[in-house]
Amino acid sequence: MKKVAIVLVIITIISKFFGFFREITLSYFYGVSNESDAYIIALTIPSVIFAFVGTGLATTFIPIYNNVLAEKGANAANSFTNKVVNLVFGISTAIVLLIFIFTEEIVKLFAYGFDNDTLNLAVQFTRIISISIYFIGLGYIFKSLLQIKDNFIIPAIVGFPYNFIVIASIIASTSWNIMILPLGTFIALSLETIVLFPSIIKSGYKHRLDFKIDNYIKKMFLLSLPVILGTSVNQLNKLVDRTLASQISVGGISALNYASRLNNFVQGVFVVSIVAVMYPAISKLAAESNMKELKKVLSESIIGVTLLLVPLTVGAMIFSREIVVLLFGRGAFDGTAIDMTSISLFYYSIGMLAFGIREVLARVFYSIKDTKTPTVNAAVGMALNIVLNIILSQYLGIGGLALATSIVGIFITILMFVTLRKKIGPLGIKSMSLKFFKILAASLLMGLIAYISNLYIRNFLSSNISIIISIIGGALLYFVIIYFMRIDDVDVLVTQFKQKLTGKKKIN
């Protein structure tokens, strides 16, 4: 399992890189424009609408399937899967019909500020892409089923063909017809599930029509309700952000999307490694009711996330414009696009650490079998996000929407700390705070030196080469400073990560 975990982390990171390259390709050919706004909304609508149900069912399918398997055997487990698949197909049909009948109204709900041309384009895109809901729904269940069968690799690699096909459709749409873009995306989304079919058949699954609602199906729906509510809150935040962005300016949705993708890319690459190491350990300790060791692992994990994300936050805030120019500043991505995206990135970066720590804290709540608290916190965050969006967008435009997201992230993270402390006792906040300020001091020094270096180097080299050299130099300096600070949790985390990679444990 350790080798599989390592492979999954590597696949995830590589997939994130390709996914980010997909965004760069979109920005190169379409920039922040009516077309990119329409496409992003059309892509968002099916995922947002179905995520309410799909995520909840996928999360609860595995434990219920295992219960059926243990209590009634493989045939009953296969029958249970049939019922879930048929229900998902029925729900998907209802959603697709809803989207086709009320396409224009739904697009307006997601992007009220679109003009007629953008609205019409978004309606066409949405109708094509929404058919993929059938495959998205099946994908949730089939990926879970393969994981139950200890097949983790196939579900992890489905993102690769998706990214390749979408990139190809973006390029082709600019040469032939723009409708190739949603059509290619529909094919890519469908293929994500279709490539699972051989492995599903090989696993022994046989499909038949069975729509009977038994006690296991009822139990799955009841268990999925908190997850569905939590997911719906997060998706509603996206809806509010993009609706307001569509009213602020043409390309506002695209600018937010590019900056958000960059922020999520950082989270996916760096936080995923920490979570992959800590989650199994915390789950085991929670099952053993060993709260003392659990708090120790939690502290080490939070410091590990802080170690990686604080310097990235400082760097992203200092060099927000330079980073956007380096990654996106070519093709159709003009000066206006650079300004809008760099402002969004600057304000998103403020909450980068909070979102990383929130991922760690959420795993602790899940480990102690508390799914209610993260859901309630998310609901509180949604209400605050709506208020802040309306207020801050009046003063900061697109940047206000990004800042609202960051403020909410910080608030929810603090709230989770307070709630978790009430549940399991003191978390060692004082000790963590001291280490945080050490890391912050090192990061600020790194940022200052990198900024000065960039100003000097750009006199001799291009701005892109200069920023790359400055960032690499700053990162090396930062880790040297951190090394001499001798932060205990950092040393422990590095040791644990080495053990995870080698599969060896330290002998005391």
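Just above, that's the structure.
Overview of the structure. Everything quoted here is computed from the prediction, not taken from an experiment.

Regarding the overall build of the protein chain
Move 1: Within the protein chain, the secondary structure is distributed over 21 helices and zero strands.
Move 2: The proportion of buried residues among the 508 residues of the protein chain is 52%.
Move 3: Pairs at least 24 residues apart make up 83% of the contacts formed inside the protein chain by residues separated by at least 6 positions.
Move 4: Per element, the accessible surface of the protein chain, about 23,300 Å² overall, is 67% carbon and sulfur.

Here's the deal with helix α13 (residues 291-318)
Move 1: Between the first and last C-alpha of α13 there are 40 Å, a value that for 28 residues agrees with the 40 Å anticipated at 1.5 Å per step.
Move 2: At Leu 307, α13 is deflected by roughly 25°, the largest bend along its length, and proline Pro 311 occurs up to four residues later in sequence.
Move 3: Most of α13 is tucked away: 20 of the 28 residues are buried.

Topic: the packing of helix α5 (residues 116-130) against helix α9 (residues 180-194)
Move 1: Interhelical geometry of α5 versus α9 gives an angle of 20° and a closest axis separation of 8 Å. Here α5 is positioned roughly parallel relative to α9, judged by the angle of their axes. Like other packed secondary-structure pairs, α5 and α9 cross with a definite hand, here right-handed. Between α5 and α9, the residues in contact are Phe 125, Ile 128 and Ile 129 and Pro 182, Leu 183, Thr 185, Phe 186 and Leu 189, respectively.
Move 2: The residue inventory of the contact of α5 with α9, partitioned by class, reads seven nonpolar, one polar and no charged.

What to know about the environment of Ile 386
Move 1: Inspection of the secondary structure assignment puts Ile 386 in helix α17 (residues 372-396).
Move 2: Judged by relative accessible area, Ile 386 falls into the partly exposed class, the value being 30%.

Examining the side chain of Thr 193
Move 1: With respect to the helices, strands and loops of the structure, Thr 193 is situated in helix α9.
Move 2: Contact partners of Thr 193, with chain neighbours within four places excluded, come to Phe 135, Ile 136, Leu 138, Gly 139 and Phe 142.

A closer look at the packing of aromatic side chains
Move 1: In total, this model carries 13 aromatic pairs according to the counting rule given.
Move 2: Centre to centre, the rings of Phe 18 and Phe 160 are 5.7 Å apart; their planes meet at 75°, and the pair counts as edge-to-face. Of the two residues, Phe 18 is situated in helix α1 (residues 2-30) and Phe 160 in helix α8 (residues 159-175); the sequence distance between them amounts to 142 residues.
Move 3: Judged by its relative accessible area of 29%, Phe 18 falls in the partly exposed class.
Move 4: The class of Phe 160 is buried, set by a relative accessible area of 15%.
Move 5: Through pairs of rings, three or more aromatic residues link up here, namely Phe 20, Tyr 258, Phe 328 and Phe 333.

Some details on the packing of helix α14 (residues 320-328) against helix α15 (residues 335-350)
Move 1: At a minimum axis distance of 8 Å, the contact between α14 and α15 shows a crossing angle of 125°. Here α14 is positioned oblique relative to α15, judged by the angle of their axes. Seen along the crossing, α14 lies across α15 with a hand that is right-handed. Facing Ser 320, Arg 321, Ile 323, Val 324 and Val 325 of α14, the residues of α15 in contact are Ile 338, Asp 339, Thr 341, Ser 342, Leu 345 and Phe 346.

Criteria and thresholds
Residues numbered from 1 in each chain as written. Predicted model: local features only at pLDDT ≥ 70, side-chain atom pairs only at ≥ 80, totals over all residues. Heavy atoms only, no water. Helix = DSSP H or I, 4+ residues; strand = E, 2+ residues; numbered from the N terminus. Buried < 20%, exposed > 50% of the residue type's maximum accessible area, 1.4 Å probe, protein only. Contact = heavy atoms within 4.5 Å. Areas by Shrake-Rupley, 256 points an atom, 1.4 Å probe, with all protein chains shown as cover. Expected span 1.5 Å × (residues − 1). Bend = angle between axes of the 7 residues up to and from the residue. Axes fitted to C-alpha atoms, helices over the stretch in contact; angles between N-to-C directions. Parallel < 35°, antiparallel > 145°, perpendicular 65-115°, else oblique. Left-handed = near helix turned anticlockwise from the far one by under 90°. Nonpolar A, V, L, I, M, F, W, Y, C, P; charged D, E, K, R; others polar. Phe/Tyr/Trp six-rings, centres within 6.5 Å; stacked < 30°, edge-to-face > 60°.

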